[in-house]
Amino acid sequence: MQFKHPEVLYFLFLLVIPILVHLFQLRRFKKEYFTNVQFLKELSIQTRKSSAIKKWLLLFTRLLLLTFLILAFAQPFFSAKDSKKNTNEMYIILDNSYSMQAKGKKGELLRRAIQDLLEHTPEAQNFSLITNSDNYWNTDIKTIQKDLQDLKYSASAFRLDNLIAKVNARKSAFNKDIIVITDAVGLETNQTKSFRKEDNVYFIIPEAEQKNNVSIDSVYIQQTLDSFYEIGIKLSANGEDFKDVPIALYNKNKLVAKTLLNFETNTKTINFTIPKEDFHGYASVSDKGLAYDNTYYFSISKPSKTNVISIGDADKSNFLARIYTNDEFSYNNFAIANLDYNLLEKQDAIVLNELTDIPQALQTTLKSFVTKGGNLIVIPAQENNVNTLNSFVANFGAIQFKTATVAEKKVTKINFNHPLFSAVFEKKIDNFQYPTTKTAFGLSSTTPSILTYDDQSPFLTSLPNDLSSVYLFAAPINKTNSNFQNSPLIVPTFYNMAQNSQKTGVNALIIGENQPFVVDALLSKDEILTIKNSVESFIPVQQLLNTKVKMTFNDSPTEAGNFSIFNGGNLIQNISFNYNRTESNLALANPDAANNFKEIDDVETVFNTIQTDRTDTQIWKWFVILALLFLALEILIQKFVK
């Protein structure tokens, strides 16, 4: 037991006063009995005995009365077990990712969590609230009530370690109470290691009742026909028993196709055929699960001719003219001596075809060309010096040529998963007409090979970046050294290497991934590009690249949808944004990651637990009651005891 005012206990010395008074009243006197009262002697002795008992009772009663009264003023209490944590700062981490859109017993998980906070957070409680998208530092529930009610879902996936880092960045002399409210989708044990040992951590993990969910994961061009695109829509079904799921395709909000899906496996791809022209719309599926991943927005621009230049001997480059035909490409070949460097920046792809020497000025220009989004294809010459080649390719990434060897080698393996061939083959093939080479350089690269020799060394590999790729062959492919020009592989290989996916493919960026995007636009210094639709408008970070503009979007836009890129009032290009699908599989909830921490059912229980564990047990009222009890007892003794 402890005392809030221990100095009051000095008044216990006052207990000496009633003792002294009592002793004074009990002084012995010499008694003389007169003859006429002799007969009262026995009665007098009996009365004095009763009076002495009464005085002793009154003494003990008054002593206890004063004792309890003094103790009451000293305010005794029993210290709480967590009393040292009374100065802790409160932090609430609230998961507002799209998996919290799932429905629990009382509705959507996020909305229910917000309602619990509004109803059960003490008005006097000061705290900081951290969500995936917003931070509210040093506030209270009344101040942020409107913000909580208007809180939107975040396109960013829930990353507990990132949010803890924000909390830990707040320097303070006090320890922290941290309440984490999340459905634990994507939660990993190693993320919880960011908590400090002195932090007091509570987890509230609401559970979704309905975990079945269908999501549209991607849209891509499956096949390009003369007048049509065949697009592939990839979907995932997380759960079981998905039958007759409706899917529809819209172009500019106009329905163009609709069908029903049955999922025999967890993933399914469905194809639609659309005209080969501008498409600015979305695919939509209906299910009873999460809503955010039921719509996939995408844009396809009407195809324009792809600009390709090859640099090298005209005779060795004739095969390229048969691939890059006039209906789809604007193709030209130049000898190195006749090359106009001003043409290079306007190209989509450049082929270096067996150049024995690459001038330094050309190397610098090609490095800039790749940085701005152009594809570069390098076919080495048999006479190339390895050191010179390595000095050149070092501009683009970690790859090295090794000394050439003279030996016939077969190309026997195709990387069907590489983007270059992902839409070429309907099924994997093991038996095809193997191309061969007579002389080949070795290639050392950390990136996967696209085409591989029978000795597992690369024949064709690539160095991809955010905007473009550099493709490198290990051997010359002229007819003297190789029969690759006669192989069925040569057309899809060179055709796809020249394509710029942002110019000829599906434009569908993921919010938050910050993927660069390049558009053809000639801007003055004072002009900027704006991206907008009917509900949102923003200005991306942009960099002028001569006749192009490179844009990065950070966390914009806030909502998925179809957008357009404008230069003032002029439409430049259509573009679409989607949410990341990492939150779609509700079965990935991992509440076990919080096993080492206190798991509480709701917010009310957390605050009650904190108050109970940290509130001292005050017992001074009991001493007041006891003092009053002995006061009443003294009155009764005075009245009834003779």
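A few points on the structure. (Residues numbered from 1 in each chain as written. Predicted model: local features only at pLDDT ≥ 70, side-chain atom pairs only at ≥ 80, totals over all residues. Heavy atoms only, no water.)

## Some points on the sheet that holds strand β23 (residues 449-453)
Quick reminder of the rule: Paired strands, in this sense, are two strands between which DSSP finds at least two bridges. Helix and strand labels come from DSSP, where a helix needs a run of H or I of at least four residues and a strand needs a run of E of at least two; each type is numbered from the N terminus. Angular values range over 0 to 180 degrees, each being the angle between N-to-C directions of two axes fitted as lines to C-alpha atoms, with helices fitted over their stretch in contact.
Pairing within the open sheet is mixed, and its nine strands lie in the order β18-β17-β19-β20-β25-β24-β23-β21-β22. With partners counted over all chains shown, the strands left at the sheet margins are β18 (329-334) and β22 (436-445), one partner each. Across the sheet, the mean angle from the axis of one strand to that of its neighbour is 30°, orientation sign disregarded. By the bridge criterion, five bridges tie strand β17 (residues 306-312) to strand β19 (residues 349-353) in an arrangement that is parallel. For V308, the partnering residue across the bridge sits in β19 and is A349.

## Some details on the environment of Y98
Using the following cut-off: The buried label applies to any residue whose accessible area, calculated with a 1.4 Å probe on protein chains only, is under 20% of its type's maximum; exposed applies above 50%, and partly exposed to all values in between. Only heavy atoms enter the contact rule, under which two residues are in contact if any of them lie within 4.5 Å.
Within the fold, Y98 resides in the loop between β3 (89-94) and β4 (103-104). When its relative accessible area of 9% is taken as the criterion, Y98 is described as buried. For Y98 and A157, which are 59 residues apart along the polypeptide, the C-alpha to C-alpha distance reads 7.7 Å. If we skip the residues at most four places from it in the chain, Y98 touches Y153, S154, A155, L290, Y292, Y579 and E583.

## Looking at the packing of aromatic side chains
Applied cut-off: Here a pair means two rings of Phe, Tyr or Trp (six-membered ring of Trp) with centres within 6.5 Å. Their orientation is stacked below 30 degrees between planes, edge-to-face above 60, and tilted elsewhere. By definition here, charges over rings are those cases where NZ of Lys or CZ of Arg is within 6 Å of the ring centre and within 35 degrees of the ring normal.
Taken as a whole, this structure holds 28 aromatic pairs when the rule is applied. Pairing F203 with F597 gives two aromatic rings, centres 5.6 Å apart and planes at 45°, and the pair type is tilted. Of this pair, F203 sits in strand β9 (residues 200-204) while F597 sits in the loop between β34 (570-578) and β35 (598-599), and the two are 394 residues apart along the sequence. On the basis of relative accessible area, F203 is assigned to the buried category, the value being 0%. On the basis of an interplanar angle of 55° and a centroid distance of 6.2 Å, the ring pair of Y292 and Y579 is categorised as tilted. With a gap of 287 residues between them, Y292 in the loop between β15 (279-285) and β16 (295-300) and Y579 in the loop between β34 and β35 connect regions that are remote in the sequence. Taken individually, Y292 and Y579 each receive the classification buried, so the pair is uniform in this respect. Counting every residue linked through ring pairs, the aromatic cluster contains F319, Y453, F459, F473, F484 and F494. Seen from the ring of Y153, R111 lies directly overhead, with NZ or CZ sitting 5.5 Å from the centre.

Note that all results are geometric; they support no functional claim without further evidence.
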